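Observations on the three-dimensional arrangement
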Amino acid sequence: MALDKAASMDAASKTHASPSATTYVSEPRAVSPSPATLFEDNNRDGSVKAPSDRPEHVARGLASRHQQMIAIGGIIGSGYWLGTGTALANGGPLGLLLGYTFMGLVTYAVAVAVGEMAALYPLSGGFVYFSTRFVDPALGFSCGWNYWGGLAITLPAEITAGSIVISYWDSSTNVSVWIAMFLVVIGSMNLVSVRFYGESEFWAAMMKIIAVVGCILLCVIIDLGGGPNHDRLGFRYWKDPGPFSQLAGITGSLGRFLSFWSTFVNAAFSYGGVEVLSLTAAEADRPELTIPRCIRSVFWRILFFYVGGVFVMGLTIPYNDDLLLNDSGTAAAAPFVIAIQRAGIKILPSIMNAVILISTFSAASSYLYAASRTVYGLSQDSQAPRFMGWTTKRGLPYVAVLVTASFGLLAFMNVSSSGGTVFNYLYTISAISCLLAWISILISYIRFRAACSLQGVDRSDFPYQAPMQPYLTYFGLIMIILIVLCNGFELFLSANAPFDYSTFIASYIAIPIFLMLFLGWKIVKKTKIVSLQEMDLTGMRKRYRPSDEETKLYSASHMESSPRSPMQKIISAVQTIWQ
């Protein structure tokens, strides 16, 4: 039975409860709110009531191993397998490496910031709720809806990518058949239960991780001359055609710098998803312990999977290879596949196509999960229609899932237009929406830390403390703002004339939408910035601070007996290594 520590208080004294006046009560059963009104404010000014006892109607069905594998491999999708090819062509091997390294540091800044808050306040809505609670309800509203929109349109982008990948084997079947199949399967997986979703992601993430590790090791072997052609590459392609591409034919240091800068949006899409861990917190078992474990290993995952991955790509493929600019959307455009083919290995490209298919399928499922939980969280704060908060008896927000899944129908645009073009537009909009969410996360964290300092809250008692603060947060915030503002700079280069209005809109449309949502909610609801002195730092902070005894009990309950089957041994080994 799920028990949590909740404040026992009456309505009059609910805002500031004493830690001594606490007791254990059962979590409320999932019920569907009355559809009497679409929107209902907790307070007349549009703000949210004191969140000390914020009700949760979702079930904590994600086990520790689900959290770990979602954090490790859940964000490896088409952006990693296919987007890195465009980044290599634009930036060159060194530009690609530097771009993904800098963006990896930015991603780490976001991960540790949201991780500290999520471990402390594991509530539905995750980082969107933090914007409402620590900054301004208007920021939570704009951040939530903008992020939901970005994910909702990324869902058909991933489905489109998956359907195109299948054409690698079957080009005769109409792509709409595969799109329909993906929609039904992905929607069904998210409608069964959160535990079923966690289990499916666990196995998909494991396969993706094995594939990434295998590809990196294979590229190292190829680089050292271990391929069928026995051609030792070393740093050959860093010398010819060179470490940097000259973007748009611009010569000299300016062209090299611009080629490096052009890799950031591709990197942002590849890294996007690290914030999803905060959205899973409300449905995680003992999040105050599992989330810190996941966050502490983020640095090494970024270093190995992403930085290590793009490094070996740059060693084994010249940036001027024509296949890198192949917009087919199949494995033929994946840098790892190109490297394998250049080495004379014939069978692996088909296997890699299957891996990319699994990755896109898993990523689409993750986007549906994250988007549905985002809009569900908004409904809990009266910032979305109340029916979005309706749940099943098992605590599944089925309306939020169905409404979000309906956006997958946009994937049928691929039937009558270029799949690559549609994917690229949605890809860009999603990346910028994600970056705007990251800005909100870092602003929320800055104000959260300031309130802790002002109110004398000792952060050493928290389940997790973000390192290198506040410098890492400010670095990440400045970098993200620059990337968002300059993401479409290539459109203004004379070499890219005539001006591409469609790409310009895709590059910047998320910014005015975000601002209009913020200003609209602020004007209509007359919201105010949350005062640092009055910011509520109680509630879930007290409920989810485990005692030493609770920690020991939790550890004991998760120390399973010796694995009996070979597969159990493999799972246990993977968990041990990454924890």
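**Overview of the packing of helix H2 (residues 78–120) against helix H17 (residues 471–486)**
Two numbers describe how H2 lies on H17: the axes approach to 9 Å, and their chain directions differ by 120°. The pairing of H2 with H17 is recorded here as oblique in orientation. For H2 against H17, the interelement crossing comes out left-handed. Contacts from Phe102, Met103, Leu105, Val106, Tyr108, Ala109, Val110 and Val112 of H2 reach H17 at Leu472, Phe475, Gly476, Met479, Ile480 and Ile483. A per-class count over the contact of H2 with H17 returns 13 nonpolar, one polar and no charged.

**What to know about the side chain of Asp136**
Here Asp136 shows up in the loop between helix H3 (127–134) and helix H4 (137–166). Asp136 sits in the buried class, given a relative accessible area of 1%. In this structure Asp136 touches Ser131, Lys522, Thr527, Lys528, Ile529 and Val530, once residues within four positions along its chain are discounted.

**Remarks on the pattern of salt bridges**
Per the stated rule, a full pass over the model turns up seven salt bridges. The closest approach of N and O atoms between Arg65 and Glu199, which form a salt bridge, is 2.6 Å. Placement of Arg65 in helix H1 (residues 64–73) and of Glu199 in helix H6 (residues 194–223) is noted, with a sequence separation of 134 residues between them. On the basis of relative accessibility, which here comes to 24%, the residue Arg65 falls in the partly exposed class. With a closest N to O distance of 2.6 Å, Arg342 and Asp321 form a salt bridge. Of this pair, Arg342 sits in helix H13 (residues 335–342) while Asp321 is found in the loop between helix H12 (298–316) and H13, placing the two residues 21 residues apart along the sequence. Residue Asp321 is classed as buried on the basis of its relative accessible area of 10%.

**Points about the nonpolar core**
Ranked by size, the top nonpolar core spans 163 residues in total, and within it Trp81, Met103, Phe127, Phe336, Trp438 and Phe448 carry the most contacts. By residue number, the principal contributor to this core is H2, which donates 22 residues. For Met103, the residues in contact, after removing those within four places along its chain, are Phe264, Ala267, Ala268, Tyr271, Leu435, Trp438 and Ile483.

**Points about empty space enclosed by the protein**
Tallied over the full model, the rule gives four cavities of 30 Å³ or more. Approximately 120 Å³ is the volume found for the second largest cavity. The wall of the second largest cavity is formed by 14 residues, among which Leu151, Glu275, Tyr367, Ser430 and Cys434 lie closest to the centre. Of all the secondary-structure elements, those providing two or more residues to the lining of the second largest cavity are H4, helix H9 (263–271) and helix H16 (419–455). It is H16 that contributes the most residues to the lining of the second largest cavity, four residues altogether.

**Structural notes on unusual backbone geometry**
For the peptide bond that leads from Asp240 to Pro241, omega is 15°, which places it in the cis range. Mapping Pro241 onto the fold places it in the loop between helix H7 (236–239) and helix H8 (252–261). The omega angle of the peptide bond from Gln469 to Pro470 is 5°, so this bond is cis rather than trans. By secondary structure assignment, the location of Pro470 is in the loop between H16 and H17. Despite not being glycine, His230 shows a phi value in the positive range, around 55°. Within the fold, His230 resides in the loop between H6 and H7. The exposed category is assigned to His230, whose relative accessible area is 62%. For Arg286, which is not glycine, the phi torsion reads 50° and is therefore positive.

**Remarks on the confidence of the model for the protein**
The predicted coordinates ought not to be read in detail in places where the model reports low pLDDT. Averaged over every residue, the pLDDT of the protein is 78; residues scoring 70 or more account for 80%. Counted against residues more than four places away or in other chains, residues 575–579, with its pLDDT under 50, gives nine contacts.

**Details of the packing of aromatic side chains**
Under the defined criterion, the tally for this structure stands at 37 aromatic pairs. With 4.2 Å between their ring centres and 15° between their planes, Phe141 and Trp521 make a pair best called stacked. Highlighted residues: Phe141 in helix H4 and Trp521 in helix H19 (residues 510–525), separated in sequence by 380 residues. Judged on exposure class, the residue Phe141 and its partner Trp521 are both buried. Members of the aromatic cluster, connected to one another through ring pairs, are Tyr121, Tyr129, Phe130, Phe134, Tyr445, Phe448 and Phe462.

Conventions we followed
- Residues numbered from 1 in each chain as written.
- Predicted model: local features only at pLDDT ≥ 70, side-chain atom pairs only at ≥ 80, totals over all residues.
- Heavy atoms only, no water.
- Axes fitted to C-alpha atoms, helices over the stretch in contact; angles between N-to-C directions.
- Helix = DSSP H or I, 4+ residues; strand = E, 2+ residues; numbered from the N terminus.
- Parallel < 35°, antiparallel > 145°, perpendicular 65-115°, else oblique.
- Left-handed = near helix turned anticlockwise from the far one by under 90°.
- Contact = heavy atoms within 4.5 Å.
- Nonpolar A, V, L, I, M, F, W, Y, C, P; charged D, E, K, R; others polar.
- Buried < 20%, exposed > 50% of the residue type's maximum accessible area, 1.4 Å probe, protein only.
- Salt bridge = Lys/Arg side-chain N within 4 Å of Asp/Glu carboxyl O.
- Core = buried A, V, L, I, M, F, W, Y, C linked by side-chain atoms within 4.5 Å.
- 1 Å grid on protein atoms, 1.4 Å probe; cavity = no way out; pocket = protein on both sides within 12 Å on 5 of 7 lines; lining within 4 Å.
- Points joined across faces, edges and corners; volume = space filled by probe spheres on them.
- pLDDT = per-residue confidence, 0-100.
- Phe/Tyr/Trp six-rings, centres within 6.5 Å; stacked < 30°, edge-to-face > 60°.

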